[in-house]
Amino acid sequence: MRNGTRAVFQVYPETPRQMEIITEQATRCGFTGGVVVDYPNSTKAKKIFLCLFAGGSGAVPQSLPPAYGSDDTSTVAYSNERLTDRKRKRGSEMSKREWIQNKKQKRRAQGRNVVSDSKYTGRKRKPKF
């Protein structure tokens, strides 16, 4: 690694002793940095990151506080942004059949083999048991 570069590794130590050994070996090799633990109180969601800095000293990033960006931790804010973005990207509403025909037309222009259109193109198939 060059001087001043950083690397972050997500590690899965089985015991705290393994984590001590890993950080000890990293400092012996000339790296600075430390360990960041996200969700330290959770058994399943706990994530352990080893932050290494080559050359100069860098500050180890801090994990986010549990109530980051909100006053109430018992509720989740609902946002409709994703749905509006999806509709905005789509542009004009196009039927499934039109979309399939446009796609086939593009593939024909590329010179690819395309199944010919029929009256059944884009229709939903009946469920068969």
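Higher on the page you've got the structure.
An account of the accompanying structure is given in this report. (Residues numbered from 1 in each chain as written. Predicted model: local features only at pLDDT ≥ 70, side-chain atom pairs only at ≥ 80, totals over all residues. Heavy atoms only, no water.)

Quick word on the sheet that holds strand β3 (residues 47-53)
What counts here: Note: two strands are recorded as paired if DSSP finds a minimum of 2 bridges between them. Each helix is a run of H or I in the DSSP string that is no shorter than four residues. Each strand is a run of E no shorter than two, and both are numbered from the N terminus. For every element, the axis is a line fit to its C-alpha atoms; helices are fit only across the contacting stretch, and the angle between N-to-C directions ranges from 0 to 180 degrees. Working rule for contacts: check all heavy atoms of both residues, and any pair within 4.5 Å makes them a contact.
Strand order in the open sheet formed by three strands is β1-β3-β2, with antiparallel pairing between adjacent strands. In this open sheet, the two strands that pair with only one neighbour each are β1 (6-11) and β2 (32-38). Averaged over all adjacent pairs, the angle separating strand axes in this sheet is 20°, with direction ignored. Here β2 runs beside β3; their pairing, made up of seven bridges, is antiparallel. Bridge pairing in β3 places G34 opposite C51. Taken strand by strand, helix α1 (residues 16-28) contacts β1, β2 and β3, and its axis lies near 10° from that of β3.

Things to note about the side chain of K104
Mapped onto the secondary structure, K104 falls in helix α3 (residues 96-109). Setting aside chain neighbours within four positions, we find K104 in contact with V114, V115, S116, D117 and T121.

Looking at the nonpolar core
Generally speaking, a soluble globular protein has its nonpolar side chains buried in company with each other. Here is the rule we go by: In plain words, nonpolar cores are sets of buried Ala, Val, Leu, Ile, Met, Phe, Trp, Tyr and Cys residues tied together by side-chain atoms within 4.5 Å. Residue exposure (1.4 Å probe, protein chains only): buried if accessible area is under 20% of the type maximum, exposed if over 50%, otherwise partly exposed.
The biggest cluster of nonpolar side chains holds six residues, and these are V11, M19, A26, I48, L50 and L52. Looking at this core, the elements with two or more residues in it are α1 and β3. A total of three residues in this core trace back to one element, the largest contributor, which is β3. Beyond its immediate chain neighbours, meaning those up to four positions away, A26 contacts F31 and L52.

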